[in-house]
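One letter stands for each residue in the lines below.
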Amino acid sequence: MITMLRMLLCGMLGGLVIAAAALPIALVGGGAARAGGDTWESLPTDLATPPVAQTSYVYANDGKTLITAFYDENRRDIPFDQVAPVLGQAVVAAEDTRFYQHHGVDIRGVARAFVSNSRGGAQQGASTLTMQYVRNVLKNDASLTPEQHLQALADSPTRKLREMRYAQAIEKKLSKQEILQRYLNIAYFGAGAYGIASAAQTYFGKDAAKLTLPEAALLAGLLQSPDADNPISGDRKAALERRAYTLDAMAKMHVITPEEATAATASELKLSVTRPPNDCASVADEHNDWGFFCDYFRQWWNSRAEFGTTPTERDERLRTGGYKIVTSLDPAVQSAAMSQSLGVYGYGSARSMPLAVVTPGTGRVLAMAVNRHYSLAPGRSNTVNQLVAGGAGVSGYQAGSTFKMFTMLAALDAGMSLNTHFKAPSRIASIWPGSGPGSCGGRWCPGNDSPSWMDGDRTMWNAFGRSVNTYFVWLEQTVGARKVVEMAQRLGITFRSPEDATMAGKADQWGSFTLGVASTTPLDLANAYASVAAGGVYCSPLPVVSITDPDGRALDAGSPECRQVVDPDVAAAAADAARCPVGKGGSAYGKCDGGTAEAVSGILGGRAVGGKTGSSENNATETFAGFTPQVAAAGIAVNADNPNDWVGSGVSSAVNSAVAQTMAAALRGQPSLGFPAPSRAKALG
């Protein structure tokens, strides 16, 4: 490098006239300047500029309320018109005062650096902003091997020549503004802030467009030594000295007056350190309950093939892709759901009340609440287990008679009507084998919980309303258990436990399925009931409203994925019968005569509402699932850690109320809509 610079200096002193657009080394050396054996002309000029890592931001459904962010490097690219003009001026003054005069390589700067370095003065690198941009691109190029990265950053003549060659080529392709914009978006400003957008937020808690002169000068001054000099974790005095240097350079360039420089130098340094949260565990304390929704969103993201071939690739894409993700989380509905969950069991309770709310016809998840803190800290009040949506070892909980909905749908789908009569006995000797207390003559013999209220001639309307076990066991064996299990699967019920998956594989033997012995989650259950509300249209649970990439392009992954899984008339009939458990209003044919959750209708203000209660054996769990045309919700009272801790029937009314109150909050301000009446054939036969 020294020999090269001597040639340059001698050439200049000898009176060579050097065109600003040409590289002096090539001219002086006759094109024979070498880099690692390559001639100047053979050095690469086409700099690959792969996308750099950018932060993905996750918002609530208003598109403004930040839930969290995901990043490896805290960076967000912004266009030049979103940067305060004074910031660009400050960076040029601090790093490359001849930026607008040279063509990628500053001949004067190279000569000046040679003179200073050869005389033992302060070491100068003579790197232009364009060359610095090149170095940053190479440093961030994930396609390079570790050896290539080392070469790109090595303090060697080879690296310098390559940077010069790239820089000269770039200046022929891009305007000065484009180069400066790219540099500002890729440069590191210390304190974990990559790019000017993140730097402005990190140091001053504001957008880059709103930076003042002292703030811009401080950030520009950090570029030379961002970790050592930054005023957050580094040397505050050095940061102020670099700010003063930058302001003085700006005055010498005549972009500010000497008086402005003096006043800005004397101004107090006022930081407002603001770092975005990173990952679900960093959701703001005041919205800690959003962590469970965030966790579900991340599960969903990592299951999507369009984001990568493996979960690891998909997670990396989330952390580096720079997406704006507007989720379906409604803060008002979430607040109501959380309040209602805590009204059933407090934070310190061993028992839990997970609750989910979804939108029929889209599958979008409005809220996910449970009486737990989203936290890794020890104690029963804290967990990161997905108690609302399942997964990661959580199979779910038995939801009792809410599964009678699937038996009713299967029967209606098979051609039966709501007016199908059966004289329900107190106990029924089923076709399935059984042993123990619940058996008779070697067969499974379930009974009704309240014979005096449940026994007798029943139809689907009042059998569903009064939750008559023996009617639905008879109905299941009439239509076939396999069809009932398949109906549940059509509506999104997932068998996460190995035992349930095994039984689903031999569904004809699963007679107890109609009584809700399979484990499910509030989210699966709410979404299944939402499919009934939507006229038999099942939509995969969806935690997002939209996803846009850094260029503003919308991704299809944000759109609902729906399909008709049940005939609309069958769904209308099931919804009509589901009016019976929840009280006033009744069915379109006036066939309801008693329900297990009659207070629900009053809580919903007389709106058209359907739903079903569910109690597992020994009241180990208590469940309610409800729906209107616009919203569906489900909650389950359970001890998720100890299935032998039965919650008891006494909590049933609290569970019903919690789900209904949450639905009422979700419906506030929305019109009151009705369900379509089923055909007379499907209703009356």
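Residues numbered from 1 in each chain as written. Predicted model: local features only at pLDDT ≥ 70, side-chain atom pairs only at ≥ 80, totals over all residues. Heavy atoms only, no water.

Our focus in this paragraph is the sheet that holds strand 3 (residues 56-59). Spatial ordering of the open sheet is given by 4-3-7-19, a layout of 4 strands whose pairing is mixed. Strands at the two margins of the open sheet, each flanked by one partner only, are strand 4 (66-70) and strand 19 (544-548). With strand direction ignored, the average angle separating the axes of adjacent strands in the sheet is 15°. Across the sheet, helix 14 (residues 290-302) lies against strand 3, strand 4, strand 7 (324-327) and strand 19, angled at about 45° from strand 4, the strand it touches most. (Pairing = 2+ DSSP bridges. Helix = DSSP H or I, 4+ residues; strand = E, 2+ residues; numbered from the N terminus. Axes fitted to C-alpha atoms, helices over the stretch in contact; angles between N-to-C directions. Contact = heavy atoms within 4.5 Å.)

Turning to the side chain of Thr514, a few remarks are in order. Along the chain, Thr514 turns up in the loop between helix 22 (498-505) and strand 17 (519-520). Apart from residues lying up to four places away in sequence, Thr514 is in contact with Phe403, Lys404, Thr407, Phe472, Val473 and Glu476.

Counted under the stated rule, the structure contains 2 cavities of 30 Å³ or more. Quantified by volume, the largest cavity comes out at close to 50 Å³. In terms of lining, the largest cavity is formed by Trp300, Arg304, Ser540, Pro541, Leu542, Ala557, Ser559 and Glu561. Partitioned by chemical class, the residues of the lining of the largest cavity number 4 nonpolar, 2 polar and 2 charged. (1 Å grid on protein atoms, 1.4 Å probe; cavity = no way out; pocket = protein on both sides within 12 Å on 5 of 7 lines; lining within 4 Å. Points joined across faces, edges and corners; volume = space filled by probe spheres on them. Nonpolar A, V, L, I, M, F, W, Y, C, P; charged D, E, K, R; others polar.)

Right, let's get into the environment of Arg182. By secondary structure assignment, the location of Arg182 is in helix 8 (residues 176-186). Residue class for Arg182 comes out partly exposed when judged on its relative accessible area of 33%. On a C-alpha basis, the gap between Arg182 and Arg242 in space is 23 Å, while along the polypeptide they are 60 residues apart. When sequence neighbours within four positions are dropped, the list of residues in contact with Arg182 reads Thr49, Tyr133 and Leu174. Of the polar contacts made by the side chain of Arg182, one reaches the side chain of Tyr133; its length is 3.4 Å. (Buried < 20%, exposed > 50% of the residue type's maximum accessible area, 1.4 Å probe, protein only. Polar contact = N/O pair within 3.5 Å; in protein donor to acceptor, adjacent residues only side chain to side chain.)

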